[in-house]
Amino acid sequence: MFDFDREVDRRGTWSVQWDGTADRFGVADLLPFTISDMDFASPPAVLDALRERVDHGVFGYTDWRLGEFREAVGDWYASRYGAAVDTGTMVYAPSVLSQLSQLLQMWTEPGDGIVVHTPTYDGFRKAVTGLGRELRPVPVDGPDAPELLERELARPDSRMLLLCSPHNPTGRVWREDELKEFARLAERHGVAVVSDEIHADLTGDGHRHVPWTAIAPPGRGHRWALITSGTKAFNFPALSGSYGFIGDPDERGAFTRRMETGEGLASPAVLSLTAHIAAYRHGAPWLDALRGYVDGTMALIRERLAAGLPEVDWNPPQAGYLAWIDLRPLGIEEAALQEELVSAERVAIMPGGVYGTPGFVRLNVGCPRAKAERGVDALIRAATRLRSRPVRGTMQE
């Protein structure tokens, strides 16, 4: 029904991924596998709804609380996750990171500790440190992870647990028992919780995403927020628009006042509302087909890596279209690998150091399979050449 093999030329569209490689990598016209948007056109149902709204021709001030938006969100959570959400607790903002910025300013002070899992999405790091808060990383996995998490949450000046659920860049889907333990620890130590769930709709088969609204304690006196958007899964981030749930009515009111008065954002982007409603009402078949296509691409990457770099024991992520690949067994330098990828292979792949974990790469395969093949093959060739040269250091932290 949907042709994900069709290549759409994104050059010259002001694309951060395609037109902005010189800003991050110092070289233009690279084949990019970088920022987490996809090369696929948005679902036909979304495009049809946008055309109809554009044809209306009037784009006056709008209110997200009018019309179908909240109802569409509630129905999506019920059908997709079997979760009943109180749409009366919803808030709206231009982006997930703008919501995070407001919540950081509401619930923390400069110098406070913000606990995050590492590797860490670089947008989190920029938001936290840019506001003068201290990033306190704990590992995603490992036998010591629970103990280290509680140790950081128990520090007197730790004020927030910032979750990425599912996790970016690893693609980890948190189990329900893990989320309940996070909630218990947050309550025990008086720490607010913000759960960024923008990757939730891309959860793979065999795994279950549990929204924070199903975990968090209800009512007043509990500082928590779920922040998310349909822009990631249905690929319309440039339309902007995000929403969230805040359980405490006083905190929810304070958030809304900050957005509508302090930030002057009382009227949302109408095309974002249009796209969200269409995606949640009619986009499920496209999304399921997309997930199946990405699963096939991930299987191909696993096969190519096993054949070309057998020391790299890599498994596909539990959610999303980002392949988080541990290259440390190869013993090559991250800087050297990036130089080889850019200069010799003419590809742009995100280095793990961006996320606080050198030695990895994050390969975006939200793209036609032919492009993904070019990316993984370039990675294998570059790594293979470097292994044949004298080693000046390692990729270990």
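Residues numbered from 1 in each chain as written. Predicted model: local features only at pLDDT ≥ 70, side-chain atom pairs only at ≥ 80, totals over all residues. Heavy atoms only, no water.

Another point: the pairing of strand E4 (residues 134-139). The sheet contact formed by strand E3 (residues 113-118) and E4 spans six bridges and is parallel. Looking at the pairing, Val-116 lines up with Pro-137 of E4. Handedness of the crossover joining E3 and E4 through helix H6 (residues 122-130) is recorded here as right-handed. (Pairing = 2+ DSSP bridges. Helix = DSSP H or I, 4+ residues; strand = E, 2+ residues; numbered from the N terminus. Right-handed = clockwise from strand over helix to strand, strands pointing away.)

Within the structure shown, the criterion is met by 36 salt bridges. A salt bridge links Glu-152 to Arg-155; the nearest nitrogen and oxygen atoms lie 3.1 Å apart. According to the relative accessible area criterion, Arg-155 is partly exposed, its value standing at 33%. Asp-177 is the partner of Arg-175 in a salt bridge, and the nearest nitrogen-oxygen pair spans 3.0 Å. On the basis of relative accessible area, Arg-175 is assigned to the partly exposed category, the value being 45%. (Salt bridge = Lys/Arg side-chain N within 4 Å of Asp/Glu carboxyl O. Buried < 20%, exposed > 50% of the residue type's maximum accessible area, 1.4 Å probe, protein only.)

Before going further, it helps to spend a moment on the sheet that holds strand E8 (residues 242-246). Pairing is mixed in the open sheet, where seven strands are placed in the order E2-E8-E7-E6-E5-E3-E4. Pairing within the sheet leaves two strands with one partner each, and these edge strands are strand E2 (90-93) and E4. Strand-to-strand twist of the sheet, defined as the mean angle between neighbouring strand axes without regard to direction, takes the value 25 degrees. Inspection of the sheet shows strand E6 (residues 192-196) paired to strand E7 (residues 224-228) by four bridges, in the parallel sense. From the neighbouring strand, Ser-195 faces E7, where its bridge partner is Leu-226. (Axes fitted to C-alpha atoms, helices over the stretch in contact; angles between N-to-C directions.)

Between helix H4 (residues 69-81) and helix H10 (residues 270-282), whose axes approach to 9 Å, the crossing angle comes to 35 degrees. Crossing angle aside, the handedness with which H4 passes H10 is left-handed. Of H10, the residues touching H4 (which contributes Phe-69, Glu-71, Ala-72, Val-73, Asp-75 and Trp-76) are Leu-273, His-276, Ile-277, Ala-279, Tyr-280 and Arg-281. (Left-handed = near helix turned anticlockwise from the far one by under 90°. Contact = heavy atoms within 4.5 Å.)

Relative to the helices and strands, Asn-364 is located in strand E11 (residues 360-364). The class of Asn-364 is buried, set by a relative accessible area of 2%. Separated by 2.9 Å, the side chain of Asn-364 and the backbone oxygen of Asp-37 make a polar contact. Aside from chain neighbours lying at most four places away, what touches Asn-364 is Gln-17, Phe-33, Thr-34, Ile-35, Ser-36, Asp-37, Tyr-321 and Leu-322. (Polar contact = N/O pair within 3.5 Å; in protein donor to acceptor, adjacent residues only side chain to side chain.)

This part takes up the sheet that holds strand E1 (residues 31-33). The strand order across the open sheet built from four strands is E1-E10-E11-E9, with neighbouring strands paired in mixed fashion. For this open sheet the edge positions go to E1 and strand E9 (322-326), each flanked by a neighbour on one side alone. Recorded for the sheet is a direction-independent mean angle of 30 degrees between the axes of neighbouring strands. Here three bridges tie E1 to strand E10 (residues 347-351), and the two strands are oriented parallel to one another. Among the inter-strand pairings, Phe-33 is bridged to a residue of E10, identified as Ile-349. Sheet strands in contact with helix H13 (residues 369-387) are E1, E9, E10 and E11, and its direction is about 90 degrees off that of E1.

By themselves, these are just geometric observations and shouldn't be taken as functional.
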